[in-house]
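Fold and contact review
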Amino acid sequence: MADVRVFPSPAALTQAAANLVLASAEEAVRERGRFVWGLSGGSTPEALYRRLAGPPFASAMPWRATIVFWGDERWVPHDHANSNQRMANEALLARGPAARTDAIPVPTENVSPDESAAAVEDALRRAIGDAPVRPDLLLLGIGPDGHTASLFPGTSALDERERLFTANRVPQMDAWRITATLPLINASRHVVFLAQGQDKAEAVQLALDPADGAPPLPAALVAPEGGSLTWLLDRHAASGLTGGI
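These remarks concern the structure in this document. (Residues numbered from 1 in each chain as written. Predicted model: local features only at pLDDT ≥ 70, side-chain atom pairs only at ≥ 80, totals over all residues. Heavy atoms only, no water.)

1. Some details on the sheet that holds strand 2 (residues 35-39)
The criterion, for reference: Two strands are counted as paired when DSSP detects at least two bridges linking them. Put simply, DSSP H or I for four residues or longer makes a helix, DSSP E for two residues or longer makes a strand, and each gets a number counted from the N terminus. Angular values range over 0 to 180 degrees, each being the angle between N-to-C directions of two axes fitted as lines to C-alpha atoms, with helices fitted over their stretch in contact. A contact between two residues is defined here by any heavy atoms of the two lying within 4.5 Å.
Pairing is parallel in the open sheet, where 7 strands are placed in the order 1-10-9-6-2-3-5. Taken across any chain shown, the strands that pair with only one partner, and hence form the sheet edges, are strand 1 (3-7) and strand 5 (102-104). When the angles between neighbouring strand axes are averaged without regard to direction, this sheet yields 20°. Where strand 2 lies against strand 6 (residues 137-140), 2 bridges are found, and the strand directions are parallel. Within the sheet, the bridge partner assigned to W37 lies in strand 6 and is L137. Across the sheet, helix 4 (residues 84-93) touches strand 2, strand 3 (66-70) and strand 5, and the angle it forms with strand 3 is around 145°. Here helix 5 (residues 113-128) sits on the sheet and contacts strand 2, strand 3 and strand 5; the angle it forms with strand 5, its principal contact strand, is near 150°.

2. Examining the side chain of N84
Applied cut-off: Pairs of N or O atoms are called polar contacts if they sit within 3.5 Å, as long as, within protein, a hydrogen donor faces a hydrogen acceptor (for residues adjacent in sequence, only side-chain-to-side-chain pairs).
Here N84 is to be found in helix 4. Polar contacts involving the side chain of N84 include one to the main-chain carbonyl oxygen of D72, which spans 3.0 Å. For N84, the contacting residues outside a window of four places in its chain are G41, G42, W70, D72, E73 and R74.

3. A closer look at helix 1 (residues 10-32)
Where we set the bar: For a helix, the expected span equals 1.5 Å multiplied by the number of residues minus one. We call a residue buried when its accessible area falls under 20% of the maximum for its residue type, exposed when it is over 50%, and partly exposed in between, using a 1.4 Å probe and counting protein chains only.
Its 23 residues place the ends of helix 1 32 Å apart at the C-alpha level, agreeing with the 33 Å of an ideal helix rising 1.5 Å per residue. Among the residues making up helix 1, those that are buried are L13, T14, A16, A17, A18, L20, V21, L22, S24, A25 and A28. Phi turns positive, to about 85°, at G33, one or two residues after helix 1.

The following block contains the structure:
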């Protein structure tokens, strides 16, 4: 069962998320010698990354023992305004001690989408070595349509059962995305959804309490096997949940 935590403001959500990331990192390094962390795009994670780039987190995080990858990326150059990699680099990974992190890039130029997805999977497997690929922490968001990472309703990536990453054509946006697949997401030791804003309320409600007979939203398919699932919500995103907030 998901652990759902509701906060009175985006700032309180961001603080709680930063505390959770640090605790997860410390536990992973203590138990396994490294912290494998999947990043998400969006404004809520950006606020988290900027918080982690400042005190006390910048000096407390075990950056040298951290491997980061992106749970999804838009098919745009790395310096594009919509690039998840650009955002995370500017907010965190190119700043201070966080620059010591081992970051696995998503190539989006001079390769095909399929080649990009294969390259990311290969790089992550090589970084982890002979151990099973089990991210210690994977951050996810949810869109108003219920998509998470770049697993959009009705798209082929939802059917992938072998690969860790795949190229996903999203007709709704007439665009390619590179995305972690459900096998990788559900192999994570801890998956954390971050959501804020009234526009997310219906999707959050349907993900956590699917309607009878309706196809499940992509976010509702996230169910870590042998791991834990946490939702960090502000009061607006949580406003549709049964029983109120």
